[in-house]
Amino acid sequence: MDYETPRFLDCGESALSVEFGDSVDPAVNARVLALDERLRAAPPAGLRETTPTYRALFLRYEPLEISRAALVAAIEGLIGTAGVEASQPAARWTFPCCYDPEFAEDIGEAAALLGQTAQSLAQLHAGADYRAYMYGFAPGWCYLGGLPQALAIPRRAAPRGPTPRGAALIGGALSLIAASPMPTGWYVVGRTPERMFALNRNPPFLIAPGDAVRFEPIDAKTFLSLEARALAGETVARRETLL
Amino acid sequence: MSARLLIEAAGPGVTIQDEGRFGHSRYGVTPAGPMDLGAYLAATRAAGADCAIEVSLGGMTLRAEGATLCVAVAGGDFDIRLEGRPMPPACLLPLAEGARLALRAGGSGAWCYVAVGGTLDLAPTLGSRATHARSGLGPKPLAAGDVLMLAEAAPPPLEPLALAAPWLASSDAPIRILLGPQADYFTPEEIEAFLMARWRIGARSDRMAYRLEGPAIRHRRGHDIVSDGVAMGAIQIPGDGAPLALMADRQPTGGYPKIATVIGADLGRLAQLRPGEDLSFRAVDWDQAVAARRAYFAAVEAGATRAPLGAAMSAESLLAENLVGGVVNARD
């Protein structure tokens, strides 16, 4: 649900969550990102940091520099100047992704659970348009909405892994790309040679919340050559500007 | 030879911390930073340091090499010894070349900060020297045999001095919280039960979260929310009803309802509780939380005054001592 006016929720005396809705929805997320952009363009005194999430903007602030009331008034002013927020992404990323079982250790298991074949699962996953909603969990872990309904799969009851860096994962109604090896309860259905987070690359993080994401199937040989280039610092995912 | 610190022994969980790695939470980066910000500020400001070693209950022993170093210690009531001689729990010391400083868990408190005056030769990662072990950002946790180089060393005091830091004293007063952001996921009866309960810090508590043992808190509207941002001190209630107080190494976002958030003035006091120790909560409103924050950081700012060991800590002697320079930004 998309709230008509946002809710302001205290997270202690020095943080505030501005909540625009209670669901994972591109229109709600677009309002979050629009407020984030305006606050970053002209931050009120005392605002320390903003963190956009699916349906809320988290603000860290110093209450000895700006009161809650003044912060809320500033936000209401910024929201008031906006019309209907565009939910169109600013950029689209295409990530090369290898769905061969040697790079997709769970694809057979996930396909069986979903009543698919590994081939149809890979086709559905690579055929969808995703929206990057937010980062969370660990550096570079970016949650992608837009997973086809036929691939919605409950997460494992207990995490397993660690999954390899670059693993394309599915869990719940979402997909994501593992930025680093971590245990998760999600299913590994592919792997990209791109790195979501690399300190030896500028910028270290690639995609912005709100960007569109696609996967492009590649074979194992292509994976290995692209991975060598990615490890040398090159960005092997492609970015197109849409707006 | 340039000034160096040799780590002779370090228990688990001894890390480098600065105020935290801020500005990258939008990319999933945990801020980390000190568990007890007040103690961290007391130590770093007294020594003139831009980061500190955070010492856990496992303790640490270190030695100076190449120069006499200016070292400040502040935090819980640890057993601190300079060449075997006991020091007060908050102190500023000259650590002579070859001299050994040992910290062990003392009577109370879970974290202690050792700040070395000057600049440690540690490259920042994403703008910060804070260790976040789980994501591998910042320096690795310290271990025996590690050597920390000082790019610049601050002049040491002539003799050991006690630091007056009265807010570091432990207290049984309830930990103050602000309800929310998801208090509406719980019935008023469950919130009352949460506030009336005596809680115990669970054994599996760490820099990421303190587990609270007590009555199970039931949700009114389920335990899944669409993930949103998380503040340090947020108390989330997962599906099993056992509260988790999220600490310095929390993930920047979370998907369980948060019944309340510990106020900034009491975060250090919560952090200093050990596994097995008890606590209770008291709800305050935003204005009370801000008044407590103002008083707390004013005390931090004014509090780290120096006095010779053994001197009477009268108001007069405190006033006669140099106040530590600089004004604290009341940062969270």
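Reading the values: the criteria
- Residues numbered from 1 in each chain as written.
- Chains lettered and ligands numbered in written order.
- Predicted model: local features only at pLDDT ≥ 70, side-chain atom pairs only at ≥ 80, totals over all residues.
- Heavy atoms only, no water.
- Phe/Tyr/Trp six-rings, centres within 6.5 Å; stacked < 30°, edge-to-face > 60°.
- Lys NZ or Arg CZ within 6 Å of the ring centre and 35° of its normal.
- Axes fitted to C-alpha atoms, helices over the stretch in contact; angles between N-to-C directions.
- Helix = DSSP H or I, 4+ residues; strand = E, 2+ residues; numbered from the N terminus.
- Left-handed = near helix turned anticlockwise from the far one by under 90°.
- Contact = heavy atoms within 4.5 Å.
- Nonpolar A, V, L, I, M, F, W, Y, C, P; charged D, E, K, R; others polar.
- Core = buried A, V, L, I, M, F, W, Y, C linked by side-chain atoms within 4.5 Å.
- Buried < 20%, exposed > 50% of the residue type's maximum accessible area, 1.4 Å probe, protein only.
- Domains from an automatic or database assignment.
- Buried area = accessible area lost by both parts, 1.4 Å probe.
- Salt bridge = Lys/Arg side-chain N within 4 Å of Asp/Glu carboxyl O.
- Pairing = 2+ DSSP bridges.
- Expected span 1.5 Å × (residues − 1).
- Polar contact = N/O pair within 3.5 Å; in protein donor to acceptor, adjacent residues only side chain to side chain.
- Disulfide = S-S within 2.5 Å.

### Some words on the packing of aromatic side chains
Here is step 1: All told, the structure shown has 16 aromatic pairs over all chains when counted by the stated rule.
Here is step 2: These aromatic residues form a ring-pair network of at least three members: Tyr54, Tyr133, Tyr143 and Trp186 of chain A.
Here is step 3: A cation over an aromatic ring shows up here: arginine 131 of chain A above the ring of tyrosine 133 of chain A, its NZ or CZ 5.7 Å from the ring centre.
Here is step 4: Directly above the aromatic system of phenylalanine 137 of chain A lies the positively charged group of arginine 134 of chain B, at a separation of 5.3 Å from the ring centroid.

### Looking at the packing of helix H1 (residues 26-41) of chain A against helix H2 (residues 68-80) of chain A
Residue and element names in this part refer to chain A.
Here is step 1: Look at H1 against H2: their axes get within 10 Å of each other, and the N-to-C directions meet at 115 degrees. In this structure, H1 crosses over H2, and the sense of that crossing is right-handed. Between H1, through Leu35, Arg38 and Leu39, and H2, the contact on the second element is made entirely by Ile75, Leu78 and Ile79.
Here is step 2: Class assignment of the residues belonging to the contact of H1 with H2 gives a composition of five nonpolar, no polar and one charged.

### Digging into the nonpolar core
Here is step 1: Among the nonpolar cores identified, the biggest contains 81 residues, and Tyr210, Leu270 and Phe281 of chain B are the most heavily contacted of them.
Here is step 2: Considering each element in turn, this core owes the most residues, eight residues, to helix H1 (residues 37-47) of chain B.
Here is step 3: In terms of nonpolar packing, the next biggest core, distinct from the first, is built from 54 residues, Tyr143, Leu147, Ile153 and Leu206 of chain A among them.

### Considering the domain arrangement of chain B
All names here are of chain B.
Here is step 1: Structurally, chain B comprises domain 1 (4-166) and domain 2 (175-284).
Here is step 2: Relative to domain 2, the C-alpha centre of domain 1 lies at a distance of 28 Å.
Here is step 3: Contact with domain 1, which involves 25 residues of that partner, is made by 18 residues of domain 2.
Here is step 4: Carbon and sulfur atoms supply 51% of the area buried between domain 1 and domain 2, which totals about 1500 Å² over both sides.
Here is step 5: The largest share of the area that domain 1 buries against domain 2 comes from Met35, Trp111 and Arg134, three residues that together contribute 34% of it.
Here is step 6: Our count for the domain 1 to domain 2 interface comes out at one salt bridge.

### Focus on the sheet that holds strand E4 (residues 56-61) of chain A
Residue and element names in this part refer to chain A.
Here is step 1: The four strands lie next to each other as E1-E2-E4-E3, forming an open sheet whose pairing is antiparallel. The outermost strands of the open sheet, each flanked by one partner alone, are strand E1 (2-10) and strand E3 (47-52). Averaged over all adjacent pairs, the angle separating strand axes in this sheet is 15 degrees, with direction ignored.
Here is step 2: Sheet strands in contact with H1 are E1, strand E2 (15-21), E3 and E4, and its direction is about 155 degrees off that of E3.
Here is step 3: Lying on the sheet, H2 is in contact with E1, E2 and E4; it crosses E1 at an angle near 160 degrees.

### Concerning H2 of chain A
Here is step 1: For H2 of chain A, with 13 residues, the first-to-last C-alpha span of 18 Å sits near the 18 Å given by 1.5 Å per residue.
Here is step 2: Looking at the packing, one finds that the buried side of H2 of chain A touches E1, E2, H1 and E4 of chain A.

### Structural notes on the domain arrangement of chain A
Residues and elements named next belong to chain A.
Here is step 1: Taken domain by domain, chain A holds domain 1 (2-80) and domain 2 (91-241).
Here is step 2: On a C-alpha basis, the centroid separation for the pair domain 1 and domain 2 is 29 Å.
Here is step 3: With nine residues of domain 1 at the contact, the number on the domain 2 side is eight residues.
Here is step 4: Buried surface at the junction of domain 1 and domain 2, summed over both partners, amounts to about 720 Å²; 65% is from carbon and sulfur atoms.
Here is step 5: For domain 1, the biggest contributors to the area lost against domain 2 are Asn29, Leu33 and Tyr54; these three give 59% of the whole.
Here is step 6: Applying the counting rule to domain 1 against domain 2 returns zero salt bridges.
Here is step 7: Put simply, domain 1 and domain 2 have one residue pair in polar contact (both at pLDDT 80 or more) between them.
Here is step 8: Within the side of domain 1 that touches domain 2, the residues separate by chemical class into six nonpolar, two polar and one charged.

### Re the state of the cysteines
Here is step 1: Counted by the stated rule, this structure contains zero disulfides over all chains.
Here is step 2: Note on cysteine 97 of chain A: no disulfide assigned, nearest cysteine sulfur contributed by cysteine 98 of chain A at a separation of 7.3 Å.

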